[in-house]
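# An overview of the molecular structure
Spelled out, the chains give:
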Amino acid sequence: MKIAIGGMQKNEMDYAIKKAMPEVETVLTNDMAAVKMLKNGEVDYYFGACESGGGSAISILIGLMGYSKCCTVCKNGGKPNKAEIEKFVKEGKLCFGMTVSNIEGTVPVLLEVLAENQK
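So, how was this worked out
Residues numbered from 1 in each chain as written. Predicted model: local features only at pLDDT ≥ 70, side-chain atom pairs only at ≥ 80, totals over all residues. Heavy atoms only, no water. Helix = DSSP H or I, 4+ residues; strand = E, 2+ residues; numbered from the N terminus. Rg over C-alpha atoms; globule rule 2.2 N^0.38 Å. Buried < 20%, exposed > 50% of the residue type's maximum accessible area, 1.4 Å probe, protein only. Contact = heavy atoms within 4.5 Å. Areas by Shrake-Rupley, 256 points an atom, 1.4 Å probe, with all protein chains shown as cover. Lys, Arg positive; Asp, Glu negative; His and termini not counted. Charge placed at Lys NZ, Arg CZ, Asp CG, Glu CD. Salt bridge = Lys/Arg side-chain N within 4 Å of Asp/Glu carboxyl O.

### Looking at the overall build of the chain
Each helix and strand counted, the chain has five helices and five strands in total. Helices and strands in the chain line up, N terminus first, as β-α-β-α-β-α-β-α-β-α. Radius of gyration (C-alpha) of the chain: 12 Å, near the 14 Å computed for a compact globule of 119 residues. Seen through its C-alpha atoms, the chain measures out along the principal axes to roughly 30 × 30 × 30 Å. Counting the 119 residues in the chain, one finds 45% classified as buried. Across the chain, contacts joining residues at least 24 apart in sequence account for 67% of those joining residues at least 6 apart. Total accessible area computed for the chain in this model is approximately 5800 Å², and 50% of it derives from carbon and sulfur atoms. Looking at charge distribution, the chain has the averaged site of its 14 positive side-chain charges lying 4 Å from that of its 14 negative ones.

What follows is the structure in structure tokens.
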């Protein structure tokens, strides 16, 4: 699995991914480059973070990849919901936004669902 990381707190996101699943490859990038990587098959997914989980975390991805490929997996003041994340992944979402404040809590759940889906 290879994940492009954009949005805010990229290093924190990278650390959370490596801590939860060390075998995952990551690329720290910007939103525009991430879109190109996704469309060219160079990465499998995009993770982004911002204060709300749905603004600067994934707004450019929504515009360029389409809303059907993007979702917010953890909103401000919320916690990740595994069942909801499973639903998003089954729908074919590739770009995941989350709040900066809950990167550590969201990344492991999201990675678990993505790994289960790839089997």
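### Examining the pattern of salt bridges
Two side chains of opposite charge can pair, provided their charged atoms sit close to one another. One pass over the full model with this rule turns up six salt bridges. A cluster of three or more residues bridged by salt bridges with shared partners is formed by Lys82, Glu112 and Glu116.

Honestly, it's all geometry; don't read function into it.
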